[in-house]
Amino acid sequence: SYILSVSPRLRAAVMLLTVSACGGERAAPIALVDTLPGGIVRTISTAPADSGQWHLVLERSIQPPDGSPGAIGYAGSVALADDGTLYLADAGSTSIKVYAPDGSFVREMGRQGSGPGEFETGNIQLLLLGDTLAVQDPSASRLTLFPAAGGEPLAIIPPACCHYSRIGRDGAGRLLIPALSEA
């Protein structure tokens, strides 16, 4: 494969010729595309999104009153089910809070501690795999699988070694637990 390198001066000349050849009124660009040192491409929006194009939309707000059981102390990792149920790791209460699709509080899972279904700190990661919620607690060095509908843990998996990485999902929907091999 070949990499074509164009000097900034030549690039400016080509752009000037292209613009002058177009004639007439020029529409303002929607995005500025630039290449940073190291070849990283950067795109910056220069105008608000028009209808029919990609844009962010506020779908819902979850803000239970302070002091209520569903109040959020410090939001961390989130997982969203296909039906709209939201699972939120709350570092403020060291638990997982569950909210219905309409944003109403449903229940709380876990608490601070070191036993089954408990979390050492609120710095946990959530990943939803169908009807199973995977919760990685790096402070406790373990991954716990819960039924998404609530209840006791299905399994507690210790790490392969002493390495902590983000859990993930592969193309087939299987849980990926990165680990160091002991060779």
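Look a little higher up for the structure.
My aim in this report is to walk through the structure given alongside it, one point at a time.

Here is what the cut-offs are and how they apply
- Residues numbered from 1 in each chain as written.
- Predicted model: local features only at pLDDT ≥ 70, side-chain atom pairs only at ≥ 80, totals over all residues.
- Heavy atoms only, no water.
- Core = buried A, V, L, I, M, F, W, Y, C linked by side-chain atoms within 4.5 Å.
- Buried < 20%, exposed > 50% of the residue type's maximum accessible area, 1.4 Å probe, protein only.
- Contact = heavy atoms within 4.5 Å.
- Salt bridge = Lys/Arg side-chain N within 4 Å of Asp/Glu carboxyl O.
- Phe/Tyr/Trp six-rings, centres within 6.5 Å; stacked < 30°, edge-to-face > 60°.
- Pairing = 2+ DSSP bridges.
- Helix = DSSP H or I, 4+ residues; strand = E, 2+ residues; numbered from the N terminus.
- Axes fitted to C-alpha atoms, helices over the stretch in contact; angles between N-to-C directions.
- Polar contact = N/O pair within 3.5 Å; in protein donor to acceptor, adjacent residues only side chain to side chain.

### Re the nonpolar core
Generally speaking, nonpolar side chains in soluble globular proteins are found buried as a group.
Okay, so step 1: Among the nonpolar cores identified, the biggest contains 15 residues, and Tyr87, Ile96, Ile124, Leu126, Leu128, Leu133 and Val135 are the most heavily contacted of them.
Okay, so step 2: Once residues lying within four places of it in the same chain are set aside, the contact partners of Leu126 are Ser77, Val78, Ala79, Tyr87, Leu88, Ala89, Ile96, Leu133, Ala134 and Val135.
Okay, so step 3: Ranked by size, the runner-up nonpolar core spans six residues in total, among them Leu129, Ala134, Leu143 and Leu145.

### Topic: the pattern of salt bridges
Okay, so step 1: Per the stated rule, a full pass over the model turns up three salt bridges.
Okay, so step 2: Across the pair Lys97 and Asp90 runs a salt bridge, and its minimum N-O distance is 3.0 Å.
Okay, so step 3: The class of Lys97 is buried, set by a relative accessible area of 4%.

### Some words on the packing of aromatic side chains
Okay, so step 1: Applying the stated criterion across every chain, the model contains two aromatic pairs.
Okay, so step 2: Summarising the aromatic geometry, the rings of Tyr99 and Phe105 are spaced 5.7 Å apart at their centres and angled 65 degrees between planes, so their arrangement reads as edge-to-face.
Okay, so step 3: For Tyr99, a relative accessible area of 0% puts it in the buried group.
Okay, so step 4: By relative accessible area, Phe105 is classed as partly exposed at 29%.

### Section: the sheet that holds strand E3 (residues 75-80)
Okay, so step 1: Across the sheet, four strands lie side by side as E3-E4-E5-E6; this open sheet has antiparallel pairing. Each having just a single partner strand, E3 and strand E6 (105-109) make up the two edges of the open sheet. Ignoring strand direction, the axes of neighbouring strands in this sheet form an average angle of 20 degrees.
Okay, so step 2: When E3 meets strand E4 (residues 86-90), the two strands line up antiparallel, connected through four bridges. Each residue of the ladder has a partner; that of Ala75, found in E4, is Asp90.

### Quick notes on the sheet that holds strand E12 (residues 155-157)
Okay, so step 1: With antiparallel pairing, the four strands of this open sheet are ordered in space as E9-E10-E11-E12. Among the strands making up the open sheet, the edge pair consists of strand E9 (125-129) and E12. When the angles between neighbouring strand axes are averaged without regard to direction, this sheet yields 20 degrees.
Okay, so step 2: Inspection of the sheet shows strand E11 (residues 142-147) paired to E12 by three bridges, in the antiparallel sense. Paired with Thr144 across the bridge in E12 is Ile156.

### Overview of the side chain of Thr144
Okay, so step 1: Within the fold, Thr144 resides in strand E11.
Okay, so step 2: Excluding residues within four positions of it along the chain, Thr144 makes contact with Leu133, Ala134, Val135, Pro153, Ala155 and Ile156.

### Remarks on the pairing of E4
The side chains of a regular strand alternate between both faces of the sheet.
Okay, so step 1: With five of five residues buried, E4 lies mostly within the body of the structure.
Okay, so step 2: Across the two faces of E4 the burial is the same, with Leu86, Leu88 and Asp90 and Tyr87 and Ala89 all buried.
Okay, so step 3: Connecting the antiparallel pair E3 and E4 is a turn made up of five residues, with Gly84 showing a positive phi of about 100 degrees.
Okay, so step 4: Inspection of the sheet shows E4 paired to strand E5 (residues 95-99) by five bridges, in the antiparallel sense. Bridge pairing in E5 links Leu88 to Lys97.

### Comments concerning the environment of Ser45
Okay, so step 1: With respect to the helices and strands, Ser45 occurs in strand E2 (residues 41-45).
Okay, so step 2: Using a relative accessible area of 53% as the deciding quantity, one classes Ser45 as exposed.
Okay, so step 3: Sequence separation between Ser45 and Ala31 is 14 residues; the distance between their C-alpha atoms is 4.4 Å.

### Topic: the side chain of Thr132
Okay, so step 1: Of note, Thr132 is situated in strand E10 (residues 132-137).
Okay, so step 2: Residue classification places Thr132 among the buried positions, given a relative accessible area of 16%.
Okay, so step 3: In terms of polar contacts, Thr132 uses its side chain to reach the side chain of Asp131, at 3.3 Å.
Okay, so step 4: Those residues within four positions of Thr132 in sequence are excluded, and the remaining contacts are Leu127, Leu145, Phe146, Ala148 and Leu154.

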